[in-house]
Amino acid sequence: MFKVISFKICPFVQRITALLEAKEIPYEVEFISLRDKPQWFLELSPTGQVPVLITPDGHALFESDAIAEYLDEVTPPLEQNITPEQRALDRAWNYQATKHYLTQCSAQRSPDPETLGERSAKLEKAFQKAEAALTDGPFFKGKQLSNIDLAWLPLLHRAAVIQKHSRYNFLAGYPKVKAWQEALLETGLAEASVAPDFEEAFTDFYLSAETYLGQKPVKHKQSCC
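Predicted, not measured: the structure shown is a model, and the values here were computed from it. (Residues numbered from 1 in each chain as written. Predicted model: local features only at pLDDT ≥ 70, side-chain atom pairs only at ≥ 80, totals over all residues. Heavy atoms only, no water.)

What to know about the overall build of the chain
Within the chain, the secondary structure is distributed over 10 helices and four strands. Listed by position from the N terminus, the elements making up the chain come as β-α-β-α-β-β-α-α-α-α-α-α-α-α. Radius of gyration (C-alpha) of the chain: 17 Å, near the 17 Å computed for a compact globule of 225 residues. With respect to the principal axes defined by its C-alpha atoms, the chain has extents near 50 × 45 × 25 Å. Put simply, the chain has 225 residues, and 48% of those count as buried. For the chain, the proportion of contacts with a sequence separation of at least 24, taken over those separated by at least 6, is 73%. When the accessible surface of the chain is summed, it comes to about 11,300 Å², and 52% of that surface belongs to carbon and sulfur atoms. Charged side chains in the chain number 24 positive and 30 negative. The centres of these two groups are separated by 6 Å. (Helix = DSSP H or I, 4+ residues; strand = E, 2+ residues; numbered from the N terminus. Rg over C-alpha atoms; globule rule 2.2 N^0.38 Å. Buried < 20%, exposed > 50% of the residue type's maximum accessible area, 1.4 Å probe, protein only. Contact = heavy atoms within 4.5 Å. Areas by Shrake-Rupley, 256 points an atom, 1.4 Å probe, with all protein chains shown as cover. Lys, Arg positive; Asp, Glu negative; His and termini not counted. Charge placed at Lys NZ, Arg CZ, Asp CG, Glu CD.)

Below you can see the structure in the form of structure tokens.
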């Protein structure tokens, strides 16, 4: 069985566990503290970062991009008969998501509205590109769930949790992205790919008294509903 070494609120981990869930691949998770990384973990991970995937034969793989590609090589991909050109485009769209994970983390931890505005503007670049590329949906490439959806899931899931608890809407002005978010959440993959107490751990950190978003209700970037 596969084993994922995880930090509970890490978006890079959720990308991998969501892929495992979507493929219905059995796996187990071991959570660690990034503030007090165990020595055995540091010996496994050259970067000292999560996720680390332990394969059934004991190999320790790191970096979410590499892990996602490995899983597509050793298990049936979500989509069949993808051309090399389309696979390259898919990887590019995956990168558009993952390179904004830390941008979103930074925005969520903003201490004041000015900082939030500056950091949100950087995150919005990703949503602007997705809004322009999305068509009829419900998923990024149409009716078929793909790796692109799972790469974007952490961004969209966290935006939903933030809006639920603070009313701040990172997706205001992006109706196609909002519809895509709702379709992905309806699959149940968001909840299935995180710990049962994910939302509590997430809000404790990102909606604490130290953050502007934690000073609810936030009266900026709310949706009309």
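A short note on the environment of Arg167
Within the fold, Arg167 resides in the loop between α7 (147–166) and α8 (175–186). Residue classification places Arg167 among the partly exposed positions, given a relative accessible area of 43%. Note: C-alpha distance between Arg167 and Pro77 (90 residues apart in sequence) is 37 Å.

Examining the confidence of the model for the chain
Taken as a whole, the chain shows an average pLDDT of 94; of its residues, 96% reach a score of 70 or greater. Note that pLDDT drops below 50 for residues 221–225; the model gives that stretch 10 contacts with residues more than four away or on any other chain. (pLDDT = per-residue confidence, 0-100.)

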